[in-house]
Amino acid sequence: MMNWLYLHVRAIGQALHRLLAQPLGTLLSALVVGIALSLPGGGYLLLDNVASLARGVSGTPEISLFLDMDAGAPEVAAIEQRIKAMPELASYRFVPRDEGLRQLESAGLGDVLGGLKANPLPDAFVLAPRDEDPALFERLSAEMRSWPKVAHVQLDSAWVKRLHALLGLGRSAVLMLAGLLGFALVIVTFNTIRLQILTQRQEIAVSRLLGATDPFIRRPFYWFGGLQGALGGLVALGTIALGVRALAGPVGALAETYGAVFALTGPDLRASLVIVAFAAFLGWLGAAISVRRHLAGA
């Protein structure tokens, strides 16, 4: 085990030495990888922020449960017990018919309601599900319609369906872009490692004469590709951070026009680690393909 760790530490040292020996080439490669990865990374981050902004502007989707006009206190209490027993709901509130009438009057409909002899509004419950999945809204609605003394169930999920469809389309486009650019970055690393092998072919030949195995020779090239990719991932994070900082002001001003308080956020720690790890994997993959292709003839 200690020998295995020593060999990898030695390979990392060799890879770092090669990276530092050509700072301009290392910088340019990291910029290529970073700028390419910042496009899908920034796009995915933008989609998440757009979803948050849309929810802030439109409010949290809810389900309105209207009762029959003749529903009494026992029936209301029974329905409330059913609601409390549903783990899919995050919260609920009961809106008595008199409170509903007062809300309509405060909304400027007092003149219209003043001509009515009686309150035409039923008691109602307003429910907030834990998840905004449209399928959950439909399932809860179908279940509640079968409850006794429930006259009507109104879903506030039409905009949620449109938002989910648009975000799904955007995420698919971002994933396609990430796949294409990832393939391009594998090719870049492939050519970089190929040039490394060509410039060190005499050193590789001497190492083989001295008894070096293929895994021993390949290991520094693997680490070289992985570290180069990780550097590109860090450049991508920096590029995304600069983009977030540049767009934070205009996006905040746009949100204010809709009466929402919104701040554009950058990638969190988990997303940052995923970007760097993905970039390192692409670098390693390009190095592995190139080494297996060209090392045999070195």
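See the structure printed just above.
Rules behind the numbers
Residues numbered from 1 in each chain as written. Predicted model: local features only at pLDDT ≥ 70, side-chain atom pairs only at ≥ 80, totals over all residues. Heavy atoms only, no water. Helix = DSSP H or I, 4+ residues; strand = E, 2+ residues; numbered from the N terminus. Buried < 20%, exposed > 50% of the residue type's maximum accessible area, 1.4 Å probe, protein only. Contact = heavy atoms within 4.5 Å. Areas by Shrake-Rupley, 256 points an atom, 1.4 Å probe, with all protein chains shown as cover. Pairing = 2+ DSSP bridges. Axes fitted to C-alpha atoms, helices over the stretch in contact; angles between N-to-C directions. Salt bridge = Lys/Arg side-chain N within 4 Å of Asp/Glu carboxyl O. Phe/Tyr/Trp six-rings, centres within 6.5 Å; stacked < 30°, edge-to-face > 60°. Lys NZ or Arg CZ within 6 Å of the ring centre and 35° of its normal. Expected span 1.5 Å × (residues − 1). Arc of directions from axis to C-beta.

Focus on the overall build of the chain
The number of helices and strands found in the chain is nine helices and four strands. Going from N to C terminus, the chain has its helices and strands arranged as α-α-β-α-β-α-β-α-β-α-α-α-α. Here the chain holds 298 residues, and the buried ones make up 36% of them. Restricting the contact set of the chain to residue pairs at least 6 apart, pairs at least 24 apart contribute 85%. Surface summary for the chain: the accessible area is close to 17200 Å², and the carbon and sulfur share equals 65%.

What to know about the sheet that holds strand 3 (residues 124–129)
Ordered in space as 2-3-1-4, the four strands form an open sheet in which the pairing is antiparallel. Edge strands, defined here as strands with exactly one partner in the open sheet, are strand 2 (89–95) and strand 4 (150–155). Ignoring strand direction, the axes of neighbouring strands in this sheet form an average angle of 20°. Relative to strand 4, strand 1 (residues 63–67) runs antiparallel, the two sharing five bridges. Each residue of the ladder has a partner; that of Ile-63, found in strand 4, is Leu-155. With respect to the sheet, helix 5 (residues 134–145) is in contact with strand 1, strand 2, strand 3 and strand 4, its orientation differing from that of strand 4 by roughly 175°.

Focus on the pattern of salt bridges
Applying the stated rule across the entire model yields three salt bridges. For Arg-93, the salt bridge identified is with Glu-62, shortest N-O distance 3.6 Å. In this pair, Arg-93 is assigned in strand 2 and Glu-62 in the loop between helix 2 (23–58) and strand 1, connecting sequence segments 31 residues apart. The closest approach of N and O atoms between Arg-139 and Glu-88, which form a salt bridge, is 3.4 Å.

Here's the deal with the packing of aromatic side chains
Under the definition given, this model contains four aromatic pairs. Centre to centre, the rings of Tyr-92 and Phe-125 are 6.3 Å apart; their planes meet at 50°, and the pair counts as tilted. Taken together, the residues Tyr-92 in strand 2 and Phe-125 in strand 3 connect sequence positions 33 residues apart. Judged by relative accessible area, Tyr-92 falls into the partly exposed class, the value being 29%. For the ring pair Phe-94 and Phe-125, a centre distance of 4.9 Å and an interplane angle of 45° mean the geometry is tilted. With Phe-94 in strand 2 and Phe-125 in strand 3, this residue pair connects regions lying 31 residues apart in the sequence. By way of ring pairs, the aromatic residues Tyr-92, Phe-94 and Phe-125 are connected into one cluster. The positively charged end of Arg-18 is found above the aromatic ring belonging to Phe-221, 4.7 Å away from the centroid.

Details of helix 5
Here helix 5 contains 12 residues, and its C-alpha end-to-end distance of 17 Å stays within 8% of the 16 Å for a straight helix at 1.5 Å per residue. Among all positions of helix 5, only Pro-134, Leu-136, Phe-137, Leu-140, Ser-141 and Met-144 are buried. Projection of helix 5 onto a plane perpendicular to its axis shows the buried side chains occupying an angular sector of 155°, all on one side.

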